[in-house]
Amino acid sequence: MTNIVTTMKATTVIDYIVQRIADEGVEHCFGVPGDYAFPVGDAVDSNPNIKWIGCSNELNASYAADGYARARGAAMLSTTYAVGELSAINGVMGAKAERSLVFHVVGMPSYQNQRLRKTMHHTLGDGIFDKFIDISAQAACSHAVINPDNCMIEMERVIAEARRNSQPAYIVVPSDYAQAPVTPTEVRPLTLKSNEASLKKAIAAVTERIKNAKSIVALPAFTLSRVGLQKEARAAIEAIGCPFATTSMEKCIIDESHPQFAGMYSGVLSAEETKKVVEGAELVLDIGGVSLNDETTMGFSTHLDPARFISIGLNDVRVGDQLFGNVRIADVLAALAKFESGAPRYKRTPEGNPSINGKPSDKITMDALYPRYAKFIRSGDNVVLESGSSSFGVPPMTLPDDVQVHIQMLWGSIGWATGATFGIALADPKRKTILITGEGSHQLTANEIGNMGRFGANPIILCLNNDGYMVERALEPNPDWSYNDLAKWRYADVPHALGCTDWFTARVETLGELDAALKAARESKSGAYIEVIGGRMDMPKGLAFAHTRLKDLYGDTP
């Protein structure tokens, strides 16, 4: 790549930062304005390549940025110093945990006032201004405090590190420095490459294990979708000829109609064939760093020997006790796609979803609801699942090809999915975005619906009203504690109250009403919102099973 040299005298520090982020494919900036961050907002508003997307609060903005990054590969979040960035930190930390690249740009008090130790608002009044940097930096894999002299160099460093890890970058700039001219510096964007010697050794070690293994299963990880390597992973799996399985975090990462797809692996709740394929394999090929956490394994109900794993990480490869560093996953997948396997190719017999059951006059049950959702979802849809009942109810369903499923299974911050839906819908407007959420988590972030209408996001929202926190009731011995109760919202009225006057809305209690509302929602030219009334203790099979494994999840009670 040719060198980049800035010679434009009028280019300010913040103009450079914003344009450099736009160069990474980011077309929207999510945020909440604040006086220390006025230069950031001004730069975004005046840049034709990026659009300001105002959110109802910083937490919602961070969730939206996370969702946007999942669909687009990178996102921008703008908050003000201290009160703004600390409100956003939960969402940014979730992006770090689940590998979403969010450029978090924070405007802080001027360098002049920092040096004079003035008592300023949004501080503790002690004249110390850098204490929040350490906090926000913990939610990022790289960070920089920008000034005119280091701006160009530091931006390349933090961008490269964020790309290398597919995790957030934290960029903080004092308000006076933001508006100062950038010091022209010759820089070259860093291209991530493998160390050729290390790559060669890694591929040799991996292919040797593959050739000698009597049975292999591949587990493509959620990280592949973050870095856009789903097709490359599929090509490698096809070359090897082995079956592959996914956990709920990787739902639909490769089309489920693929003949080598062995099903969703979820410990003891896996289909027998899937369990046999995964747990019986002599070699488990972990492609990208699969997260076998308490949620994806149904309370650690798996039987997997770590000694059987080969782990191909984003930047290294582990084969037994050997670790090959400075090796990029794209290069490893490209080599594996050329692998010539003499073994017979795995081919499974696909299983269908449960049939659509129930009479139109029947009340809505989870057994009747989720097969209907699976039928409702079409090729080309984005599906966003909230942590809770929907993240247990939808993943076991087989979904059409070219569906992208977004789920926050590891960080599991309730309310994430509503905010993320906003970002995903703006990042990928050619697809219809469908949010499937429960009321408890939805109450945290439902105010973002107003901005969905304002900016034309137009999702379909399916909100389950089952009289409280269903997932909390399931995860403790006594489901009737008062803290699991909720304010009784009229959910179907929310979109219109928040300004989405042209949305289709409905409140449904029977299967017939549900079927009619789903049809109308799909036909709506704007957004749609359906409040689905469910039973207080009627839960998906996976969640009901979790209720039986509380000791495994949380340990023995003293």
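Not measured: the values here are computed from a predicted model.

(A) Looking closely at the overall build of the protein chain. Helix and strand content of the protein chain: 23 helices and 19 strands. Computed over C-alpha atoms, the radius of gyration of the protein chain comes to 24 Å, within 12% of the 24 Å expected from 2.2 N^0.38 for 558 residues, which places it in the range of a compact globule. Expressed along its principal axes, the backbone C-alpha trace of the protein chain runs to roughly 70 × 60 × 55 Å. For the protein chain, the residues scored as buried account for 59% of the 558 residues in total. For the protein chain, the accessible surface area stands at approximately 22,900 Å², while carbon and sulfur atoms represent 52% of it. Here the protein chain contributes 54 positive and 64 negative side-chain charges, whose respective centroids are spaced 4 Å apart.

(B) Quick peek at the sheet that holds strand β17 (residues 460-465). In spatial order, the strands read β15-β14-β16-β17-β19-β18; together these six strands make up an open sheet with parallel pairing. The open sheet has two edge strands, β15 (404-407) and β18 (504-508), and neither has a second partner. Ignoring strand direction, the axes of neighbouring strands in this sheet form an average angle of 15 degrees. Alignment of strand β14 (residues 382-385) against β15, held across four bridges, turns out to be parallel. In the strand pairing of β15, N382 is matched with Q404. Seen against the sheet, helix α14 (residues 366-376) touches β16 (433-438), β17 and β19 (528-533) and runs at an angle of roughly 175 degrees to β17. Contacting β16, β17, β18 and β19, helix α21 (residues 511-523) runs over the sheet at an angle of about 170 degrees to β18.

(C) Representation of the pattern of salt bridges in the model. Inspection of every chain in the model, using the stated rule, returns 27 salt bridges. Notably, a salt bridge pairs E523 with K519, separated by 2.8 Å at the nearest N-O pair. Placement of the pair is E523 and K519 together in helix α21, with a separation of four residues, close to one helical turn. Per residue, the accessibility class of E523 equals that of K519, and both read exposed. Overlapping salt bridges, with partners in common, bring together D467, R473, D480, D485, K488 and R536 in one network.

(D) Main features of the packing of helix α3 (residues 58-72) against helix α4 (residues 83-97). Here α3 crosses α4 at 30 degrees, and the two axes come no closer than 7 Å. Viewed along their axes, α3 and α4 adopt a mutual orientation that is roughly parallel. The handedness of the crossing between α3 and α4 comes out as right-handed. Residue-level contacts link E58, L59, S62, Y63 and D66 of α3 to G84, S87, A88, N90, G91, V92, G94 and A95 of α4. Grouping the amino acids of the contact of α3 with α4 by side-chain chemistry returns five nonpolar, six polar and two charged.

Calculation criteria
- Residues numbered from 1 in each chain as written.
- Predicted model: local features only at pLDDT ≥ 70, side-chain atom pairs only at ≥ 80, totals over all residues.
- Heavy atoms only, no water.
- Helix = DSSP H or I, 4+ residues; strand = E, 2+ residues; numbered from the N terminus.
- Rg over C-alpha atoms; globule rule 2.2 N^0.38 Å.
- Buried < 20%, exposed > 50% of the residue type's maximum accessible area, 1.4 Å probe, protein only.
- Areas by Shrake-Rupley, 256 points an atom, 1.4 Å probe, with all protein chains shown as cover.
- Lys, Arg positive; Asp, Glu negative; His and termini not counted.
- Charge placed at Lys NZ, Arg CZ, Asp CG, Glu CD.
- Pairing = 2+ DSSP bridges.
- Axes fitted to C-alpha atoms, helices over the stretch in contact; angles between N-to-C directions.
- Contact = heavy atoms within 4.5 Å.
- Salt bridge = Lys/Arg side-chain N within 4 Å of Asp/Glu carboxyl O.
- Parallel < 35°, antiparallel > 145°, perpendicular 65-115°, else oblique.
- Left-handed = near helix turned anticlockwise from the far one by under 90°.
- Nonpolar A, V, L, I, M, F, W, Y, C, P; charged D, E, K, R; others polar.

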